[in-house]
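# Working through the structure, step by step
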Amino acid sequence: MHATSCNMTMAFPFHHPFALLSFMSLFSLLLITCSCSRQLRLHNVSHTLVLDSGCSLAGATWYGPPEGFGSDGGACGYQGAVGQPPLSSMVAAGSEALFNGGKGCGGCYEVKCVGNKACSGSPVTVVITDQSPEYGNDAVHFDLSGTASGAMAVSGKAHELRNAGVLKLHYRRVGCNYAGVNIHFHVDAGSNPYYFATVIQYENGDGDLSQVDLQEGPTKGTWLPMQQSWGATWKLNSGSPLRPPFSIRLKTLRTGKTLVAINVIPEGWQPGRTYQALVNFHA
């Protein structure tokens, strides 16, 4: 893990003590602004690509058990996966600016709290897995899992930080990197030969999707557009029985990259099962 910092050479003639105090206050603010440039790996989710060049300010609260993962899957539909590797409870609910009608599900953000003595000053990476209500005057709000909230604290101060109420965060969008994990497709329990729906998880890079298409059968004919059903679930209603195996084509929301998971849904597929692709986007 490498950290970068802002290096500045500045010369000022401090003829008055108040001038020195003013300079030190300005310098402290600059250090806070620049400190988002650190690269972090936490648990099994890391990032190697910065999608936003600078930090922005957001509000933050936390929900669920103090050492837990917020809600069980939340509005993105990831269910119990939020508490298991590679997410490992490092998740957050996002206000609409982050959740984006469900298309923001899976996005990765580097966050760190500021303005509280219990804040460690080190950033952590969280994944959007749920929707947060709009909160006060916050244009952007993170409702963090108890685990993610405590991870921002000085060692031994997690309880104190969680009891601090509404926090201020510096945040920026980063690329997801699920090391050694390929994309997963969890088939919705209501799927049948005429209707296919799947939750899509663990996309490297952007982490979120703008378009999903399905190609049926061994002859590999036309790509059929799927619709976003809710959260990270995409669906296809067909007027005739769909013929497996299914290949699924994904297009990312932010950078428009495309990837095809060939024959990822096999013949004899079953509702409620999870199928793992052999591919993932480059991190």
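Let me sum up the structure you'll find in this document. All figures in this text were calculated on a predicted structure; none of them were measured in a lab. (Residues numbered from 1 in each chain as written. Predicted model: local features only at pLDDT ≥ 70, side-chain atom pairs only at ≥ 80, totals over all residues. Heavy atoms only, no water.)

### What to know about the sheet that holds strand S3 (residues 56-63)
Hydrogen bonds between backbone groups are what pair the strands of a sheet, and the pairing can be parallel or antiparallel. The following threshold applies: Whether two strands pair depends on DSSP finding at least two bridges between them. Secondary structure follows DSSP: runs of H or I at least 4 residues long count as helices, runs of E at least 2 residues long count as strands, and numbering of each begins at the N terminus. The axes are straight lines fitted to the C-alpha atoms, using for helices just the contacting stretch, and the angles between their N-to-C directions are given from 0 to 180°.
Here we have 6 strands rolled up into a closed barrel, ordered S3-S7-S4-S6-S5-S8, and mixed in their pairing. Between one strand and the next, the sheet's axes are offset by a mean angle of 45°, whatever the strand orientation. When S3 meets strand S8 (residues 167-174), the two strands line up antiparallel, connected through 5 bridges. Looking across to S8, one finds that Ala58 is bridged to Leu169.

### Regarding the pairing of strand S11 (residues 195-201)
Looking down a regular strand, the side chains alternate between one sheet face and the other. We apply this condition: Three exposure classes are used, based on accessible area relative to the maximum for each residue type with a 1.4 Å probe and protein chains only: buried under 20%, partly exposed in between, and exposed over 50%.
Among the 7 residues that make up S11, 6 are buried, leaving the element largely enclosed by the rest of the structure. Sheet topology note: the strand S10 (residues 184-187)/S11 ladder contains 4 bridges and is antiparallel. Across the sheet, residue Phe185 finds its bridge partner in S11, namely Ile200. Of the strand pairs in this sheet, S11 and strand S15 (residues 233-237) are connected by 5 bridges, and their pairing is antiparallel. Each residue of the ladder has a partner; that of Ala197, found in S15, is Lys235.

### Here we look at the pattern of salt bridges
Condition: The term salt bridge refers to a pairing of a side-chain nitrogen on Lys or Arg with a carboxyl oxygen on Asp or Glu at a separation within 4 Å.
The full count for this structure, using the stated rule, is 7 salt bridges. Glu110 is the salt-bridge partner of Arg172, the closest N and O atoms lying 3.1 Å from each other. Taken as a pair, Arg172 in strand S8 and Glu110 in strand S5 (residues 108-114) lie far apart in primary sequence, 62 residues in all. Assessed through its relative accessible area of 5%, Arg172 is described here as buried. Notably, a salt bridge pairs Asp138 with Lys168, separated by 3.5 Å at the nearest N-O pair. Within this pair, whereas Asp138 is found in the loop between strand S6 (124-131) and strand S7 (141-145), its partner Lys168 is found in strand S8, the two being separated by 30 residues in sequence. Judged by its relative accessible area of 15%, Asp138 falls in the buried class. According to the relative accessible area criterion, Lys168 is partly exposed, its value standing at 39%.

### Focus on the packing of aromatic side chains
Quick reminder of the rule: Ring pairs shown here join Phe, Tyr and Trp side chains whose ring centres sit within 6.5 Å, with only the six-membered ring taken for Trp; geometry is labelled stacked below 30 degrees between planes, edge-to-face above 60, and tilted in between.
Scanning the model with the defined rule gives 7 aromatic pairs in all. Look at Tyr109 and Phe142: their rings are 5.6 Å apart centre to centre, the planes differ by 75°, and that puts the pair in the edge-to-face class. Taken together, the residues span a long stretch of sequence, with Tyr109 in strand S5 and Phe142 in strand S7 at a distance of 33 residues. Taken as a pair, Tyr109 and Phe142 share a single burial class, namely buried. Ring-pair connections join several aromatic residues into one group, and the members of that group are Tyr109, Phe142 and Tyr171.

### What about the state of the cysteines?
Any covalent bond linking the sulfur atoms of two cysteines counts as a disulfide. Spelled out, the test is: Disulfide assignment relies on a single distance test, namely cysteine sulfur atoms paired within 2.5 Å.
Under the criterion given, the structure shown has 3 disulfides. Residue pairing for Cys76: its cysteine sulfur links by disulfide to Cys105, the two sulfurs lying 2.0 Å apart. Between Cys76 and Cys105, the S-S torsion sits near -90°, and that sign places the bridge as left-handed. Remark: Cys105 occurs in the loop between helix H2 (96-99) and S5 and Cys76 occurs in the loop between S3 and strand S4 (91-94); sequence separation between them is 29 residues.

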